[in-house]
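Commentary on secondary and tertiary structure
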Amino acid sequence: MHDPFEESLRDMLNSSSSSRDDDACLGRVLKTANRQVGAGDLFGLLGRCTQAIMIALNNGSAHVSPVSRRKAALASNSDKAD
């Protein structure tokens, strides 16, 4: 399975430079990995929030329709009059 995230980290670690500092390279790789994972988590959280809002709107939409008490009162009064 092809993972572009793993491939980009592998490329960053394997990049050859003459005066390479391993600690700086590792820090750069970890910072990039942390940023990418954090962005993924943030988008996942926003997706779940949107899903929860849509479910709430769907469940609450039946309660938004207007209800007329006048028709019910007229029907019950005509039943009592009979």
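Residues numbered from 1 in each chain as written. Predicted model: local features only at pLDDT ≥ 70, side-chain atom pairs only at ≥ 80, totals over all residues. Heavy atoms only, no water.

As a further point, take the overall build of the chain. When its secondary structure is counted, the chain shows three helices and zero strands. In sequence order, the secondary structure elements of the chain are arranged as α-α-α. Counting across all 82 residues of the chain, residues that qualify as buried make up 6%. Accessible surface for the chain amounts to roughly 7400 Å². Of this, 59% is attributable to carbon and sulfur atoms. (Helix = DSSP H or I, 4+ residues; strand = E, 2+ residues; numbered from the N terminus. Buried < 20%, exposed > 50% of the residue type's maximum accessible area, 1.4 Å probe, protein only. Areas by Shrake-Rupley, 256 points an atom, 1.4 Å probe, with all protein chains shown as cover.)

Attention shifts here to helix α2 (residues 22–60). End to end, α2 covers 57 Å across 39 residues, agreeing with the expected 57 Å (1.5 Å per residue, within 8%). Of the positions making up α2, those classed as buried are Cys 25, Val 29, Thr 32 and Ala 33. In this structure, the buried residues of α2 make contact with α1 (4–14). (Expected span 1.5 Å × (residues − 1). Contact = heavy atoms within 4.5 Å.)

Another point: the packing of α1 against α2. Close contact between α1 and α2 brings their axes to 9 Å; oriented N to C, the two are set at 165°. Considering their axes alone, α1 and α2 lie roughly antiparallel with respect to each other. For the pair α1 and α2, the sense of crossing is right-handed. On α2, the residues touching Phe 5, Ser 8, Leu 9, Met 12 and Leu 13 of α1 are Cys 25, Arg 28, Val 29, Thr 32, Ala 33, Gln 36 and Val 37. Taken together, the residues of the contact of α1 with α2 sort by class into eight nonpolar, three polar and one charged. (Axes fitted to C-alpha atoms, helices over the stretch in contact; angles between N-to-C directions. Parallel < 35°, antiparallel > 145°, perpendicular 65-115°, else oblique. Left-handed = near helix turned anticlockwise from the far one by under 90°. Nonpolar A, V, L, I, M, F, W, Y, C, P; charged D, E, K, R; others polar.)

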